Each structure stands twice: as structure tokens, then as C-alpha cells.
Amino acid sequence: MKTTEKENHLLIENDQDSITSFASYLTKHHDEFVAYNVIIDIQNYENLRLDELLGFLELSNVHKKQKKSFVIVNNALHMDKVPEELMVVPTLQEAEDVVQMEEIERDLGF
């Protein structure tokens, strides 16, 4: 796992072969980044399947309960197939924009 701390989020990139083991690893080590807005960069998984992506669902829900953003960057799946509970965007710029918008919403009390 490669992490880069940015102004308002933590960028986490996978350095493992399996997306499933990466999701499990993040779930087990959630306490290390619970205080950050998180962007998960898995753009290199061009053949990502929905069942693999769903490995992040529980982690996403737990993270969002802490009033922090959890955004995944990948464009392998059509957005209509992704559950509403997961925020998946095709580019890092869009992920950063989502984090910024969610921060504003939280500041306004939404």
C-alpha cells in the first residue's frame, strides 16, 4: 500500500496483486487512516469486476459513518452497476472534487 498525504485527503494506491486482498488489508488497517478523507486509486485494474469492487463496501460505510469521504477511482465498470453506497469516479481530479464538495456539505451541516 502506497499512501500520499494531500491537503484534504489521503491518497491510497494498491501495491498488491489482488484487489480482494487489498480491500481486506485496508479493512484490517482502517484505524491507520480513519481520521482522513480517503481516495483509493485502483485505476490500474482495467478489468475490475463488481464483486471485487464490493469488497470495499463495508469499509466505505464504516468510513463514512466517521464523517469522512471515501472515494474510489476506477472506470472499469459502468456507473449504473455500482451501488449508490460506493462513490466511484473515473479520474483522480473528480475524486478530489468529490472530497472537496463533501467537506463543504459537512461544514454546512448536511
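Here, every reference points to the structure presented above.
The following refers to the structure shown. Keep in mind the model is a prediction, meaning the values are calculated, not measured.

### Quick word on the pattern of salt bridges
Note that side chains of opposite charge can pair when their charged atoms are close.
Moving on, step 1. Under the defined criterion, the tally for this structure stands at four salt bridges.
Moving on, step 2. With a shortest N-O distance of 3.8 Å, lysine 2 and glutamate 13 are connected by a salt bridge. Note that lysine 2 is positioned in strand β1 (residues 2-5) and glutamate 13 in strand β2 (residues 10-13), a separation of 11 residues in sequence.
Moving on, step 3. Residue glutamate 13 is classed as partly exposed on the basis of its relative accessible area, which comes to 23%.
Moving on, step 4. Linking arginine 106 and glutamate 103 is a salt bridge whose minimum nitrogen-to-oxygen distance equals 2.8 Å. Here arginine 106 and its partner glutamate 103 are both found in helix α4 (residues 92-107), three residues apart, which amounts to about one turn of the helix.

### Focus: the side chain of asparagine 14
Moving on, step 1. Looking at where asparagine 14 falls in the secondary structure, it is placed in the loop between β2 and α1 (19-28).
Moving on, step 2. When its relative accessible area of 12% is taken as the criterion, asparagine 14 is described as buried.
Moving on, step 3. A polar side-chain atom of asparagine 14 sits 2.4 Å from a polar atom in the side chain of tyrosine 45.
Moving on, step 4. In this view, asparagine 14 contacts Ile19, Phe22, Asp41 and Tyr45; residues no more than four positions away in its chain are not counted.

Rules used in this analysis
Residues numbered from 1 in each chain as written. Predicted model: local features only at pLDDT ≥ 70, side-chain atom pairs only at ≥ 80, totals over all residues. Heavy atoms only, no water. Salt bridge = Lys/Arg side-chain N within 4 Å of Asp/Glu carboxyl O. Helix = DSSP H or I, 4+ residues; strand = E, 2+ residues; numbered from the N terminus. Buried < 20%, exposed > 50% of the residue type's maximum accessible area, 1.4 Å probe, protein only. Polar contact = N/O pair within 3.5 Å; in protein donor to acceptor, adjacent residues only side chain to side chain. Contact = heavy atoms within 4.5 Å.

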